[in-house]
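Observations on the model geometry
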Amino acid sequence: FKVTGSWTTTRPNWSQTSTIMVPLIFRMNCQYRLVRGKVEIVRNSNVALVDYGDGTCDNIATITINGTTTPFTFGN
């Protein structure tokens, strides 16, 4: 299935806005389910972009914070 939208998280000392830039795609036949999509997160003057990939059934993603990209694994 596909998820779109945006939301704001507010805490006592900070708030952030998250926006799905490319729809999040979940495949129920994949172990980690989330296989594609991009989420932009803005907190203060920092911007992060989480990229869940191209649809490959894996748990590899990247996060780019202020221009620096780091790969990571998610899930179990």
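See the structure shown above.
This write-up is about the structure you can find in this document.

1. So, the side chain of Asn 59
Among the secondary structure elements, Asn 59 is positioned in the loop between strand S5 (46–54) and strand S6 (60–65). Within polar-contact distance, the side chain of Asn 59 engages the backbone oxygen of Phe 74 at 2.9 Å. The residues contacting Asn 59, other than those within four sequence positions of it, are Tyr 32, Phe 72, Thr 73 and Phe 74.

2. Some thoughts on the pairing of strand S2 (residues 6–10)
A regular strand places its side chains on the two faces of the sheet in alternate fashion. For S2, the buried fraction is low: 0 of the 5 residues fall into the buried class. Bridging between S2 and strand S3 (residues 15–26) involves 5 bridges; their strand directions are antiparallel. Residue pairing across strands places Trp 7 opposite Ser 18, the latter belonging to S3. Connecting the antiparallel pair S2 and S3 is a turn made up of 4 residues.

3. Some remarks on the state of the cysteines
Across all of its chains, the model carries 1 disulfide by this definition. There is a disulfide in this structure between Cys 30 and Cys 57, and the S-S distance comes to 2.2 Å. With Cys 30 in the loop between S3 and strand S4 (34–43) and Cys 57 in the loop between S5 and S6, the pair connects residues that are 27 residues apart, well separated along the chain. Exposure remark for Cys 30: the relative accessible area of 1% places this residue in the buried category.

4. Things to note about the nonpolar core
Formed by Ile 20, Leu 24, Leu 34, Val 39, Val 50, Tyr 52, Ala 61 and Phe 74, the largest nonpolar core amounts to 8 residues. For this core, the elements supplying multiple residues, two or more each, are S3, S4 and S5. Those residues in contact with Leu 24, other than ones at most four positions away along the chain, are Phe 1, Lys 2, Val 3, Leu 34, Arg 36, Gly 37, Lys 38, Val 39 and Tyr 52.

5. As for the packing of aromatic side chains
What the rule picks out here adds up to 3 aromatic pairs. Aromatic pair Phe 1 and Phe 26: ring centres 5.0 Å apart, planes at 15°, arrangement stacked. A residue pair is termed long-range when its members are at least 10 positions apart, and Phe 1 in the segment before strand S1 (2–3) and Phe 26 in strand S3 qualify at 25 residues. Looking at Phe 1, the relative accessible area reads 57%, which means it is exposed. Ring geometry for Tyr 52 against Phe 74: centres 5.5 Å apart, planes inclined by 90°, an arrangement best described as edge-to-face. Highlighted residues: Tyr 52 in strand S5 and Phe 74 in the segment after strand S7 (68–73), separated in sequence by 22 residues. Each member of the pair, Tyr 52 as well as Phe 74, is classed as buried. Members of the aromatic cluster, joined through ring pairs, are Tyr 32, Tyr 52 and Phe 74. The side chain of Arg 43 reaches across the aromatic face of Trp 14, ending 3.7 Å from its centre.

Thresholds applied
- Residues numbered from 1 in each chain as written.
- Predicted model: local features only at pLDDT ≥ 70, side-chain atom pairs only at ≥ 80, totals over all residues.
- Heavy atoms only, no water.
- Helix = DSSP H or I, 4+ residues; strand = E, 2+ residues; numbered from the N terminus.
- Polar contact = N/O pair within 3.5 Å; in protein donor to acceptor, adjacent residues only side chain to side chain.
- Contact = heavy atoms within 4.5 Å.
- Buried < 20%, exposed > 50% of the residue type's maximum accessible area, 1.4 Å probe, protein only.
- Pairing = 2+ DSSP bridges.
- Disulfide = S-S within 2.5 Å.
- Core = buried A, V, L, I, M, F, W, Y, C linked by side-chain atoms within 4.5 Å.
- Phe/Tyr/Trp six-rings, centres within 6.5 Å; stacked < 30°, edge-to-face > 60°.
- Lys NZ or Arg CZ within 6 Å of the ring centre and 35° of its normal.

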